[in-house]
Amino acid sequence: MKQFFAVFQYELGTYLKKRTFQVVTLLLMLAIAVGMTLPRFFAGGGEAASGGLEEPVAVMTEEGMTVDAATLAQSLNQAFGVENEQGGFQVFDGTREELMQAVEDGTYHDGLVFRSLLDYTRITGTLNLYDQFSANLQEVLLQTYRAQTMAESGMTPEQIQEVYAAQVQETLEQTEAGKNQANSYLFTYVLIMLLYMAIIFYGQMVASSVATEKSSRAMELLITSARPSSLMFGKVFGAGCAGLIQFALILGTAYGAYQLNASSYTGAMASLKTLFNLPAEFLLYALLFFIFGFFIYAFIFAALASLVSRMEDLSSVISPATFLFVAAFLVVIFALNTGEVDTPLMVACSYIPVTSPMAMFVRITMGSVAGWEIAISIVLMAAGAVALGFLSTAIYRAGVLMYGKPPKLSGLISMLKNRQEP
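Since we're looking at a predicted model, the values are computed, not measured.

A.B. asks: A description of the overall build of the protein should follow, citing residues and the corresponding values.
C.D. replies: Tallying secondary structure elements over the protein gives 17 helices and four strands in all. Residues classed as buried in the protein amount to 43% of the 422 residues present. Restricting to contacts in the protein with at least 6 residues of sequence separation, those with at least 24 account for 72%. Of the roughly 22800 Å² that the protein leaves accessible, carbon and sulfur atoms contribute 61%.

A.B. asks: Give a detailed account of helix α13 (residues 314-338), specifying residues and quantitative values.
C.D. replies: Owing to its 3.6 residues per turn, the α-helix aligns residues three or four sequence positions apart on the same side. For α13, built from 25 residues, the straight-helix expectation of 36 Å at 1.5 Å per residue is met to within 8% by its first-to-last C-alpha distance of 36 Å. The largest bend in α13 comes to about 40°, at Pro320.

A.B. asks: Which residues make up the packing of helix α4 (residues 69-80) against helix α6 (residues 133-152), and what values go with them?
C.D. replies: Direction vectors running N to C along α4 and α6 enclose 115°, while the axes themselves pass 11 Å from each other. Considering their axes alone, α4 and α6 lie roughly perpendicular with respect to each other. The handedness of the crossing between α4 and α6 is right-handed. Between α4 and α6, the residues in contact are Leu76, Ala79 and Phe80 and Asn136, Leu137, Val140 and Leu141, respectively. Of the residues belonging to the contact of α4 with α6, the class tally is six nonpolar, one polar and no charged.

A.B. asks: Kindly report on the nonpolar core, identifying the contributing residues and their values.
C.D. replies: Ranked by internal contacts, the top residues of the largest apolar core, which has 80 residues, are Val236, Ile296, Met358 and Ile364. For this core, the element with the highest residue contribution is helix α12 (residues 280-305), accounting for 16 residues. Among residues more than four places away in sequence, those in contact with Ile296 are Pro353, Val354, Met381, Ala385 and Leu388. Counting 17 residues, the second-largest nonpolar core is a separate cluster that includes Val57, Ala73, Val140 and Leu141.

A.B. asks: Can you explain the packing of aromatic side chains? Please cite residues and give values.
C.D. replies: Scanning the model with the defined rule gives 22 aromatic pairs in all. Measuring from ring centre to ring centre gives 5.8 Å for Tyr185 and Tyr189, while their planes differ by 20°; the resulting arrangement is stacked. With Tyr185 and Tyr189 both in helix α8 (residues 181-215) and four residues apart, this pair spans about one turn of that helix. According to the relative accessible area criterion, Tyr185 is partly exposed, its value standing at 31%. Ring centres of Phe201 and Tyr202 lie 4.9 Å apart, and the angle between their planes is 85°; this geometry places the pair in the edge-to-face category. A relative accessible area of 1% means that Tyr202 is categorised as buried. Feature note: the residues Phe201, Tyr202, Phe233, Phe237, Phe247, Phe290, Phe294, Phe295, Phe299 and Phe390 constitute an aromatic cluster, connected by ring pairs.

A.B. asks: Before we move on, could you go through the confidence of the model for the protein and cite the residues and values that matter?
C.D. replies: For the protein, the average pLDDT comes to 80, and 82% of its residues sit at 70 or higher. Considering only residues more than four positions removed or in separate chains, one finds that residues 45-51, a stretch of pLDDT under 50, has 19 contacts.

A.B. asks: I'd like a description of the sheet that holds strand β1 (residues 56-61), backed by residues and values.
C.D. replies: Read across the sheet, four strands follow the order β2-β1-β3-β4 without closing on themselves; strand pairing throughout is mixed. Looking along the sheet, the strands with just one partner apiece sit at the ends: β2 (88-91) and β4 (119-124). This sheet shows a mean twist of 25° between the axes of neighbouring strands, independent of strand direction. The pairing of strand β3 (residues 110-116) with β4 spans six bridges and is classified as antiparallel. Residue pairing in the sheet places Val113 in a bridge with Thr121 of β4. Against the sheet, helix α5 (residues 96-105) touches β1, β3 and β4, its axis set at about 150° to β3.

A.B. asks: Go over the pattern of salt bridges with me, naming the residues and quoting the values.
C.D. replies: Applying the stated criterion to the full structure yields five salt bridges. The partner of Arg122 in a salt bridge is Asp110, with the nearest N and O atoms 3.0 Å apart. Highlighted residues: Arg122 in strand β4 and Asp110 in strand β3, separated in sequence by twelve residues. By relative accessible area, which is 0% here, Asp110 ends up buried. A network of salt bridges, in which partner residues are shared, links Asp342, Arg363 and Glu373.

A.B. asks: Let's hear about the pairing of β3: which residues, and what values?
C.D. replies: In terms of residue burial, β3 counts as a mostly covered element, since five of its seven residues are buried. Two strands pair when backbone bridges link them, and β1 and β3 are joined in this way by five bridges, in the parallel orientation. Bridging from a neighbouring strand, Val57 pairs with Asp110 of β3. Taken together, β3 and the strand that follows it, β4, pair antiparallel across an intervening segment of two residues.

A.B. asks: Can you tell me about the environment of Ala383, naming the residues and giving the values?
C.D. replies: You can see Ala383 is positioned in helix α16 (residues 371-399). Judged by relative accessible area, Ala383 falls into the partly exposed class, the value being 44%. As a C-alpha pair, Ala383 and Pro353 span 30 residues in sequence and 8.3 Å in three-dimensional space.

Rules and cut-offs
- Residues numbered from 1 in each chain as written.
- Predicted model: local features only at pLDDT ≥ 70, side-chain atom pairs only at ≥ 80, totals over all residues.
- Heavy atoms only, no water.
- Helix = DSSP H or I, 4+ residues; strand = E, 2+ residues; numbered from the N terminus.
- Buried < 20%, exposed > 50% of the residue type's maximum accessible area, 1.4 Å probe, protein only.
- Contact = heavy atoms within 4.5 Å.
- Areas by Shrake-Rupley, 256 points an atom, 1.4 Å probe, with all protein chains shown as cover.
- Expected span 1.5 Å × (residues − 1).
- Bend = angle between axes of the 7 residues up to and from the residue.
- Axes fitted to C-alpha atoms, helices over the stretch in contact; angles between N-to-C directions.
- Parallel < 35°, antiparallel > 145°, perpendicular 65-115°, else oblique.
- Left-handed = near helix turned anticlockwise from the far one by under 90°.
- Nonpolar A, V, L, I, M, F, W, Y, C, P; charged D, E, K, R; others polar.
- Core = buried A, V, L, I, M, F, W, Y, C linked by side-chain atoms within 4.5 Å.
- Phe/Tyr/Trp six-rings, centres within 6.5 Å; stacked < 30°, edge-to-face > 60°.
- pLDDT = per-residue confidence, 0-100.
- Pairing = 2+ DSSP bridges.
- Salt bridge = Lys/Arg side-chain N within 4 Å of Asp/Glu carboxyl O.

Here it is as structure tokens:
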């Protein structure tokens, strides 16, 4: 155990002291803090484009229009609840060309030329990415047209109001195991992507560390002074702890920036609120599956890296593990995007240790899964992580003193059978 802690402290310290590790962490924290704060500065911006009408909108009518421009502008201001005398819908007396120039000069945010309630031209400048003005205006015009048509048919104002006040009411009841996939999709997708990046990034860092030590012959000294199991577990746990610290700092920055600017997350940005308000139960599951998933693949990457004697061979040796993980990731992402998370393939993947960290987590957040299924998956995953840890140690012990071309699978199995624990 003393050797394990010595290796663990050394590996953790090595990662934390790396200038690249520190710079990347600080830059990501800064970028996330700035990105999460930007909505505060843009909140309220573009209100005219989205229906706020803080800036004036010109209204003019062409010949044949049954409603004059003044009456139409007044009706639109009432419908939109405009109280700002400097903004809202205003009558424009002039030609279409003059209106175009007024919008170009910034006198009006938009110009509306009506031929009828259902036919108009909107003159505007730059169209906001999240523009909702046209959709809101068309809804108001459609309601006005319907009210006018119903009034002409003899309906009283009270009857018209009753028609418009009618609403369909739905009461949604879900079973105990039911999930709202729309609410769970965003944070599930983000957490799966974080797991993917952590395994690819830190798993390859572990592999690179092992290969570098072996190529420099430093492993010959290490293997004679410490047990292989202490070296293997110390390296993997050190890298895992460094990864957790980095992710905790980055996600903590994101959460803190969100709390400071939560009131600014409106409109299209409101969907991000689900990402920071996920249930504590899901957060605990995410942490659990994240840790086990990382260690499973880190052990595999480290074991494979111990078989190479040159850094040039590293990518080809660890590629099978990378392809396996990417294939599992694609299966899970496909199920996540289609919403079909309880298919036979996903159920099978949720019990296989190398795929269950992603597959079972997605089923928990977006599918129907019983508690006993989760328990079995966690037990199998934990057992798989431990088994892979000791298998990786055996491969590591056999491979670190082997130089030359990496052995084939049959040769590796034979080597493991003939190798005795020191």
